[in-house]
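Residue-level structure breakdown
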Amino acid sequence: MSKDPILSLKDLSYVYKEESSLKIRLDALTLYAGESVALTGVSGSGKSTLLECLGVIRPGFVASEYLFSGFDLLKSPLKKRTLLRSAFMGIMPQQGALIPFLRIKDDFKLTLKLAYAARAKLGIKDLFTCHESFAQAVLLANKLGIGNLLERYPESLSQGQRQRASFIKALVHSPKLLLIDEPTAALDPVHAKELFEIMLEECGKRKLCALVVTHDLTLAHELKLKICAYDSVLSHDGVNVFKELL
């Protein structure tokens, strides 16, 4: 495990504008390369919102520290945060990860193009070419059983196939942080565990850190994941508190 964390976060909080009485809070979170963490909690506790804050997708959160891959995100202007997200974060939402009017392979290539352009603007040189990265994505697609579907559009794929394609898209540009929201919600238990295991294997192999929102605490424990959980004891008066379990 790397000595320096990929992500170091302290005192994050977010207040819902439409419901000013509801607030989510995460006191601390540290993620190292190759480490996967399950973000768990009851429905409506704010797991997806917290994931969007970490991915600098949802504006308005505050924190005393947010260091990511050597960058201080709190001191970075919005444009630089956006470049860092494109360059080094892979995001897999519950729905809508795939662009409906692009073939799967073209969606992968677009993600690569945007990531490589962002890294160039940040002055960071890539170790691999777009062509080499795409070739790795094809190999992973074959491993996941969708290698023969890359010419298709998302609407012609099953839910499980779309989940696998979405995972590859989030991974195609070799991010340092992977943010995944309920990847197995629409899958049966057997296929859910299978996909989860492959995802963790790839994250470990590529030495990236991953934060996975899931309701399946039993599976998270079974796969020996580190847990960051909604704490019903600390949560009170409209403040939903998440705590990293050591």
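Overview of the structure. (Residues numbered from 1 in each chain as written. Predicted model: local features only at pLDDT ≥ 70, side-chain atom pairs only at ≥ 80, totals over all residues. Heavy atoms only, no water.)

1. With respect to the packing of helix α3 (residues 104-121) against helix α4 (residues 130-143)
With their axes 10 Å apart at the nearest point, α3 and α4 run at an angle of 140° to one another. The angle between the axes of α3 and α4 places the two elements in the oblique class. Crossing angle aside, the handedness with which α3 passes α4 is right-handed. Each of Lys105, Phe108, Lys109, Leu112 and Tyr116 in α3 lies in contact with α4, whose residues at this interface are Cys130, Ser133, Phe134 and Ala137. Of the residues assigned to the contact of α3 with α4, the class counts are six nonpolar, one polar and two charged. (Axes fitted to C-alpha atoms, helices over the stretch in contact; angles between N-to-C directions. Helix = DSSP H or I, 4+ residues; strand = E, 2+ residues; numbered from the N terminus. Parallel < 35°, antiparallel > 145°, perpendicular 65-115°, else oblique. Left-handed = near helix turned anticlockwise from the far one by under 90°. Contact = heavy atoms within 4.5 Å. Nonpolar A, V, L, I, M, F, W, Y, C, P; charged D, E, K, R; others polar.)

2. Some remarks on helix α6 (residues 189-206)
Between its terminal C-alpha atoms α6 stretches 26 Å, which fits the 26 Å expected from 18 residues at 1.5 Å a residue. Here α6 has its buried residues at Ala192, Leu195, Phe196, Ile198, Met199, Leu200, Glu202 and Cys203. (Expected span 1.5 Å × (residues − 1). Buried < 20%, exposed > 50% of the residue type's maximum accessible area, 1.4 Å probe, protein only.)

3. Digging into the packing of aromatic side chains
All chains considered together, the criterion is met by three aromatic pairs. Between Tyr14 and Tyr16 the ring centres are 5.3 Å apart and the planes differ by 85°, which places this aromatic pair in the edge-to-face class. For the pair Tyr14 and Tyr16, a shared accessibility class is recorded, and that class is buried. Relative to Phe242, the ring of Tyr230 has its centre 6.0 Å away and its plane inclined at 65°; by these criteria the two rings are edge-to-face. Of this pair, Tyr230 sits in strand β9 (residues 226-230) while Phe242 sits in strand β10 (residues 239-245), placing them twelve residues apart in sequence. Against the face of Phe134 rests Lys109, its NZ or CZ located 4.9 Å from the ring centre. For Lys176, the ring lying beneath its charged end belongs to Phe88, and the centroid distance is 5.0 Å. (Phe/Tyr/Trp six-rings, centres within 6.5 Å; stacked < 30°, edge-to-face > 60°. Lys NZ or Arg CZ within 6 Å of the ring centre and 35° of its normal.)

Read these as spatial facts, not as claims about activity.
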